[in-house]
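A structural walkthrough
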Amino acid sequence: MAENVTPRVRVPATATAGEVVTIKTLISHRMESGERRDEAGRRVPRSIIHRFVARFNGETVIDVAMEPAISTNPFFEFDARVPESGTMTFAWYDDDGSIYEEAREIVVE
Amino acid sequence: MTHHRRTVLGGLAAGSAAFAAPMVMAQGVPRVVVVGGGAGGATAARYLALESGGAVEVTLIEPSRSYFTCFFSNLYIGGLRDMQSLGHGYGTLAAEYGINVVHDWAVAVDRDARVVALASGASVPYDRLILSPGIDFKNGAVPGWDVTAQDDMPHAYRGGTQAELLKSQILAMPEGGTFAMIAPPDPYRCPPGPYERISMVATTLKAMNPRAKILIVDPKEGFSKQALFEEGWQRHYGGMIERIGPDFGGAAVSVDPAAMRIDIDGIVEDVDVCNVIPAQRAGRVAHEAGLTEGDWAPVNAADMSSRLDPAVHVLGDAAAQGDMPKSAFSANSQARVCASAVLGALTDARVFPAVYANTCWSLIAPDDGVKVGASYEATEEKIARVDGFISELGEDAETRADTYRESLGWYDEITADMFG
Ligand SMILES: Cc1cc2nc3c(=O)[nH]c(=O)nc-3n(C[C@H](O)[C@H](O)[C@H](O)COP(=O)(O)OP(=O)(O)OC[C@H]3O[C@@H](n4cnc5c(N)ncnc54)[C@H](O)[C@@H]3O)c2cc1C
């Protein structure tokens, strides 16, 4: 697992049925492109998060592929409609095989 | 003020120097007491002594024998200045300008009797008082942090010792360790200061500890020169720097100095160095003197006089004046306006119209300097911004190096303007 990777998510705890809510995620990751050279001129191996998926009650809300050109600490902001109470899950897929996961409950009132 | 005096004395004075003296001065030379020998206070004291040619008596109260500038202390952290070069003594102000420099703390002001009480027990009477005490930190601003924790988690936001401590902690970081900064909410001294510091920490770490990580926990949505800093950070320091804004709990942080742990809205991080820059307010003596409303001391834009007492002026970081950022450049600019107004009120010196200016330079990496600045005018309501300028994104290296050199010139000028 890459060092110092911390996923963060902001999700409203409550919503009304059918409401469109804004979700923000941020993950600290160096996003090493594979193009950079170190001080000694050696290529620094690529190590990025290449995919991010958010699901609500198992249903995919977004699923994005990421390229090496993406800047460090990738940030996503997206809207999701919440028909009923449930769980929003988030997964970030690292080149090194690690998967970082988070989950948040949303209560529909 | 001058206008008022002329009205009162009009006709009477008729060219007589004796009558032109203000009425507060029954006899003797008018006394100006300046509290705080920093960017605002030292400048004001020096101009008063210089311009009055002995027509007013100037006393400067400042506890430190040496003033270590906060400005350029980030360059010290980046390895570009030594601490000695940031220290300035008051000897010239005493010996060559005839200022009575008293190394003591002002603890209270009796505004009815016009007397400043000092920690030593002495008291100093004044006809005009100028306060430029800088900032204090707000108690409880960062839960878990207080002055007893500042050796574990330094603020390094008042000059000297704390910057040395912070730098030694950065140099002692384990390989690949984490440097965290808890950034302050607005308003605070030197808006780009925390971010210049981040840049200079990154310069040091890039050379010595390139796998280290820098985490900024920030309660603000945005900050001064943000686009310039972020562009520079990406260019010079790759993925080293991460900023957690209020969206992700940047405003809901607490610290555990004994465990070297920070809690960002429920996510706990172990850190190796933690620079806590708490929320700020006017230096204590301004509150003790009853000159504050909320955290700061409101002043009139024309002459920096307190809105609560026309015999007192408040300069620099402690003042609520309007649009100027809290900077040494601003404090120096305000001090000149104030000195002229005070001289005009106490003698028959001509008062110059109040115009103000500020420039804040920041260094993003060695020779990569940027700046932001503006000019200001005095309105009834406040010191109001007239127009400004800011460095552009993507400037070439030569422009940036010029900007840096400009800042070196400024440092020499302002310290000469303060200390002679
Ligand atoms: C890291 C950092 C970088 C900065 N960089 C820049 C920069 O590049 N450019 C810039 O323009 N500004 C910069 N600043 C801001 C600048 O240092 C302040 O805005 C400026 O010093 C304010 O001047 P002042 O007179 O209000 O307070 P200060 O300069 O802090 O002076 C206050 C003085 O009052 C004394 N004092 C306090 N209480 C009492 C008392 N009760 N009795 C007697 N004396 C007292 C203190 O000892 C102190 O010497 C920076 C600040 C920091 C922290």
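An unreviewed UniProt entry annotates chain B as NADPH-dependent 2,4-dienoyl-CoA reductase, sulfur reductase of Roseivivax sediminis.

Going by what an unreviewed UniProt entry lists, chain A is known as Sulfur compound chelating protein SoxZ and is assigned to Roseivivax sediminis.

Quick look at the overall build of chain B now. On a plain count of helices and strands, chain B comes out with 11 helices and 24 strands. Rg of the C-alpha trace for chain B: 22 Å, near the compact-globule value of 22 Å for 420 residues, within the 12% margin. Within chain B, the proportion of its 420 residues that are buried is 56%. The long-range fraction of contacts in chain B, counting pairs at least 24 apart against all pairs at least 6 apart in sequence, stands at 67%. Of the side-chain charges in chain B, 33 are positive and 52 negative, and the distance between the mean point of each set is 3 Å.

Check the secondary structure of chain A and you find 0 helices and 8 strands. Starting at the N terminus and ending at the C terminus, chain A contains elements arranged as β-β-β-β-β-β-β-β. When the backbone C-alpha atoms are referred to their principal axes, chain A occupies close to 60 × 20 × 20 Å. Each of the 109 residues in chain A was classed as buried or not, and the buried ones make up 41%. When contacts within chain A are restricted to residue pairs at least 6 apart in sequence, long-range pairs at least 24 apart make up 58% of them. For chain A, the accessible surface area stands at approximately 5800 Å², while carbon and sulfur atoms represent 47% of it. Taken as two groups, the 13 positive and 19 negative side-chain charges of chain A have centres that lie 6 Å from each other.

Further remarks concern the interface of chain A and chain B. Facing the 17 residues of chain A at the interface are 23 residues of chain B. Both faces considered, chain A and chain B share a buried interface measuring about 1600 Å² in area, 43% of it formed by carbon and sulfur atoms. When the area that chain A buries against chain B is broken down by residue, the three leading residues are Arg-8, Arg-10 and Arg-30 of chain A, summing to 43%. For the pair chain A and chain B, the interface holds 3 salt bridges. Between Glu-269 of chain B and Arg-8 of chain A there is a salt bridge, with the nearest N and O atoms lying 2.5 Å from each other. In this assembly, chain A and chain B are joined by 7 residue pairs in polar contact (both at pLDDT 80 or more). Of all the secondary structure elements, the ones that give two or more residues to the side of chain A that touches chain B are strand E1 (7-10) and strand E3 (19-27) of chain A. Residues that form the side of chain A that touches chain B fall into these classes: 5 nonpolar, 7 polar and 5 charged.

We now examine the state of the cysteines. Applying the stated rule across the entire model yields 0 disulfides over all chains. Just so you know, Cys-70 of chain B is unpaired, no disulfide at all, and the nearest cysteine sulfur is the one on Cys-190 of chain B, 8.6 Å from it.

A few words now on the sheet that holds strand E8 (residues 99-108) of chain A. Pairing between the strands of a sheet is mediated by backbone hydrogen bonds and can be parallel or antiparallel. If you trace the 5 strands from one edge of the open sheet to the other, you get E2-E8-E7-E4-E5 (chain A), paired in mixed fashion. This sheet does not close on itself; its edge strands, each paired only once, are strand E2 (14-15) and strand E5 (59-65) of chain A.

What follows concerns the UniProt feature "domain: FAD/NAD(P)-binding" (unreviewed entry) in chain B. Per the UniProt record, "domain: FAD/NAD(P)-binding" (unreviewed entry) is annotated on residues 31-145 of chain B. Helix makes up 21% of residues 31-145 of chain B and strand makes up 33%, while its end C-alpha atoms are separated by 41 Å.

Residue and element names in this part refer to chain B. Domain assignment breaks chain B into domain 1 (2-136 + 281-349) and domain 2 (144-278). Of note, the centres of domain 1 and domain 2, computed from C-alpha atoms alone, are 33 Å apart. Listed by partner, the interface residues are 18 residues for domain 1 and 21 residues for domain 2. Between domain 1 and domain 2 the total buried area reaches about 1700 Å² when both faces are included, carbon and sulfur atoms providing 62% of it. In this structure, the connection of domain 1 to domain 2 is made through 2 salt bridges. For the salt bridge of Asp-317 with Arg-189, the shortest nitrogen-to-oxygen distance reads 2.6 Å. Contributions of two or more residues to the side of domain 1 that touches domain 2 are made by helix H4 (73-77) and strand E10 (135-137). In terms of residues, the side of domain 1 that touches domain 2 owes the most to one element, H4, which gives 5 residues. Its residues placed into classes, the side of domain 1 that touches domain 2 shows 10 nonpolar, 5 polar and 3 charged.

Reading the values: rules and limits
- Residues numbered from 1 in each chain as written.
- Chains lettered and ligands numbered in written order.
- Predicted model: local features only at pLDDT ≥ 70, side-chain atom pairs only at ≥ 80, totals over all residues.
- Heavy atoms only, no water.
- Helix = DSSP H or I, 4+ residues; strand = E, 2+ residues; numbered from the N terminus.
- Rg over C-alpha atoms; globule rule 2.2 N^0.38 Å.
- Buried < 20%, exposed > 50% of the residue type's maximum accessible area, 1.4 Å probe, protein only.
- Contact = heavy atoms within 4.5 Å.
- Lys, Arg positive; Asp, Glu negative; His and termini not counted.
- Charge placed at Lys NZ, Arg CZ, Asp CG, Glu CD.
- Areas by Shrake-Rupley, 256 points an atom, 1.4 Å probe, with all protein chains shown as cover.
- Buried area = accessible area lost by both parts, 1.4 Å probe.
- Salt bridge = Lys/Arg side-chain N within 4 Å of Asp/Glu carboxyl O.
- Polar contact = N/O pair within 3.5 Å; in protein donor to acceptor, adjacent residues only side chain to side chain.
- Nonpolar A, V, L, I, M, F, W, Y, C, P; charged D, E, K, R; others polar.
- Disulfide = S-S within 2.5 Å.
- Pairing = 2+ DSSP bridges.
- UniProt positions renumbered as here; feature names shortened; annotations may be inferred.
- Domains from an automatic or database assignment.

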